[in-house]
Amino acid sequence: MRPASGAGARDDVLVVAALAVEAVHVPAHLPLLLTGPGKTAAATAVAAVLAARPPADRPLVVGVGTAGALREGVTGLHVPGAVVHHDISADALARLGAPTTTELALDALLGAAPGDVVLATGDVFVADEDVRERLARRAHLVDMEGFAVAWAARSLGARVVLAKHVSDAADEGAWSWPDAVAASARALGEWLAGVLPPR
């Protein structure tokens, strides 16, 4: 974890990203946790950092990163109002008597109303048209960490906001993600600097 540094450093916020290339423009005054890709890595890393702080001192968790667009015309940066867990056998678990949470409402930032964009999270890298079409019935965006970050934060009593920048259309073009991530990282860094300025 990279601690906050410099004038106006903040300890009331924890910025979370999966990969360093997504977070190169996160301002130095904000602490940054890199989790690695996927739900397990994200949940474990966030929980470990939050559990090390007293309950009354847990920061606002702000998960940032790239996402694939599941619907035409969805571009740019979004702050979802909800996140869903798309690759868990929720119906089967419910039939077995073990219902599970598959959707979480997310917090708003700076008093703004939650957005109406829905983010779907799963460990599947979505680059297939059939998967994209199925997910698009429920969500606008897809990623691999958002639900896990939100679940870990909520489980430990922390507020959580997610910000996602569209890097691809969750189709065959998703394999060009390495070429698109730099622009997404820049947009996310600029957004963070604007909504979470130094103290």
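Refer to the structure printed above.
Predicted model, so just to flag it, every value in this text is computed and none were measured.

Conventions adopted
- Numbers given to residues run from 1 along each chain, matching the order in which its sequence is written.
- For this predicted model, a pLDDT threshold of at least 70 governs which residues receive local features, and a threshold of 80 or more governs which side-chain atom pairs are given and counted, while totals over whole chains, interfaces and linings are taken from all residues.
- Neither water nor hydrogens contribute to the side-chain values; these are computed over all heavy atoms in the structure.
- Within this scheme a cavity is a closed region of a 1 Å grid, computed over the protein atoms alone, that accommodates a 1.4 Å probe without allowing it to escape, whereas a pocket is open but has protein on both sides within 12 Å along at least five of seven lines; lining residues each have an atom within 4 Å of a point.
- Grid points are joined across faces, edges and corners, and a volume is the space filled by probe spheres set on the points.
- The helix and strand labels rest on DSSP assignments: H or I over at least four residues marks a helix, E over at least two residues marks a strand, and numbering proceeds from the N terminus.
- Think of a patch as exposed residues, more than 30% relative accessible area, with no salt bridge, where like charges cluster within 9 Å and nonpolar side chains (Val, Leu, Ile, Met, Phe, Trp, Tyr) cluster within 5 Å.
- Only the protein chains shown count as covering a residue, and every accessible area follows the Shrake-Rupley method with a 1.4 Å probe.
- We count a salt bridge whenever a side-chain nitrogen from Lys or Arg sits within 4 Å of a carboxyl oxygen from Asp or Glu.
- Only four residue types enter the tally: Lys and Arg on the positive side, Asp and Glu on the negative side; His and the chain ends are excluded.
- In plain terms, the charge of a residue is placed at NZ if it is Lys, CZ if Arg, CG if Asp and CD if Glu.
- Only protein chains enter the area calculation, which uses a 1.4 Å probe; residues under 20% of their type maximum are buried, those over 50% are exposed, and those in between are partly exposed.
- In the scheme used here, Gly and all other residues not listed as nonpolar or charged are polar, with Ala, Val, Leu, Ile, Met, Phe, Trp, Tyr, Cys and Pro taken as nonpolar and Asp, Glu, Lys and Arg as charged.
- Only buried Ala, Val, Leu, Ile, Met, Phe, Trp, Tyr and Cys residues count toward a nonpolar core, and they belong to the same one when joined by side-chain atoms within 4.5 Å.
- In what follows, a contact means two residues having at least one pair of non-hydrogen atoms within 4.5 Å.
- For Phe, Tyr and Trp, where Trp contributes only its six-membered ring, two rings pair if their centres lie within 6.5 Å, and the inter-plane angle classes them as stacked under 30 degrees, edge-to-face over 60, or tilted in between.
- Each helix should span, by expectation, one fewer than its residue count multiplied by 1.5 Å.
- When DSSP finds two or more bridges between two strands, those strands count as paired.

1. Some points on empty space enclosed by the protein
One pass over the structure, following the stated rule, counts one cavity of 30 Å³ or more. Val16, Ala18, Val64, Glu145 and Lys164 are the residues nearest the centre of the largest cavity, which is lined by 13 residues in total. Only strand E1 (13–17), strand E3 (60–69), helix H4 (146–155) and strand E9 (160–168) provide two or more residues apiece to the lining of the largest cavity. A total of three residues in the lining of the largest cavity trace back to one element, the largest contributor, which is E3.

2. Here's the deal with a negative patch on the surface
A cluster of acidic residues, Asp128, Asp130, Glu133 and Glu172, forms a negative patch at the surface. Relative to the helices and strands, Asp128 is located in the loop between strand E7 (118–121) and helix H3 (129–136). Asp128 gets classed as partly exposed once you look at its relative accessible area, which sits at 38%.

3. A look at the layout of surface pockets
The gaps left among the atoms become clear once a water-sized probe is rolled over them. The volume enclosed by the largest pocket comes to roughly 280 Å³. As for the largest pocket, its lining consists of 18 residues, of which Thr66, Phe125, Asp143, Met144 and Trp177 are closest to the centre. Where the lining of the largest pocket is concerned, the elements lending two or more residues are E3, strand E8 (141–143) and E9. Element by element, the count of residues in the lining of the largest pocket is highest for E3, at three residues. Its residues placed into classes, the lining of the largest pocket shows 11 nonpolar, three polar and four charged. Considered as a void within the structure, the second largest pocket measures approximately 170 Å³ in volume. Breaking the lining of the second largest pocket down by element, the ones donating at least two residues are strand E5 (82–85), helix H2 (90–95) and H3. For the lining of the second largest pocket, a count of residues per class yields six nonpolar, three polar and three charged.

4. Points about the nonpolar core
Grouped together as the largest cluster of nonpolar side chains are 27 residues, with contacts concentrated most on Val61, Val83, Val149 and Val160. Of all elements in the fold, only E1, helix H1 (39–51), E3, H4 and E9 reach the threshold of two or more residues within this core. Looking at this core, the element that brings in the most residues is H4, giving six residues. Aside from chain neighbours lying at most four places away, what touches Val61 is Leu14, Val16, Leu50, Val149, Ala153, Ala158, Arg159, Val160 and Val161. Counting residues in each nonpolar core, the second largest holds 18 residues, with Val13, Leu30, Leu32 and Val161 among its members.

5. What about the packing of aromatic side chains?
Evaluation of the coordinates by the stated rule reveals one aromatic pair. Pairing Phe147 with Trp151 gives two aromatic rings, centres 6.1 Å apart and planes at 15 degrees, and the pair type is stacked. You can see Phe147 and its partner Trp151 sitting in helix H4, four residues apart, about one turn around the helix. Taking the relative accessible area as the measure of exposure, Phe147 reaches 5% and is therefore buried.

6. Structural notes on helix H5 (residues 177–195)
A rise of 1.5 Å per residue sets the reference length of H5, with its 19 residues, at 27 Å; its end C-alpha atoms lie 26 Å apart and thus fit the reference within 8%. In the core, the buried residues of H5 are packed alongside E1, E3, strand E4 (77–78) and E9.

7. A short note on the pairing of E3
Two faces make up the sheet, and in a regular strand the side chains alternate between them. Taken across its 10 residues, E3 has 10 buried, putting it largely inside the fold. Where E1 meets E3, four bridges bridge the pair, whose relative direction is parallel. What sits directly across from Val15, in E3, is Val62. Judged from the eight bridges that link them, E3 and E9 form a sheet pairing that is parallel. Bridging from a neighbouring strand, Val61 pairs with Val160 of E9. Summarising the sheet, E3 and E8 pair through two bridges and their orientation is antiparallel. Among the inter-strand pairings, Ala69 is bridged to a residue of E8, identified as Leu141.

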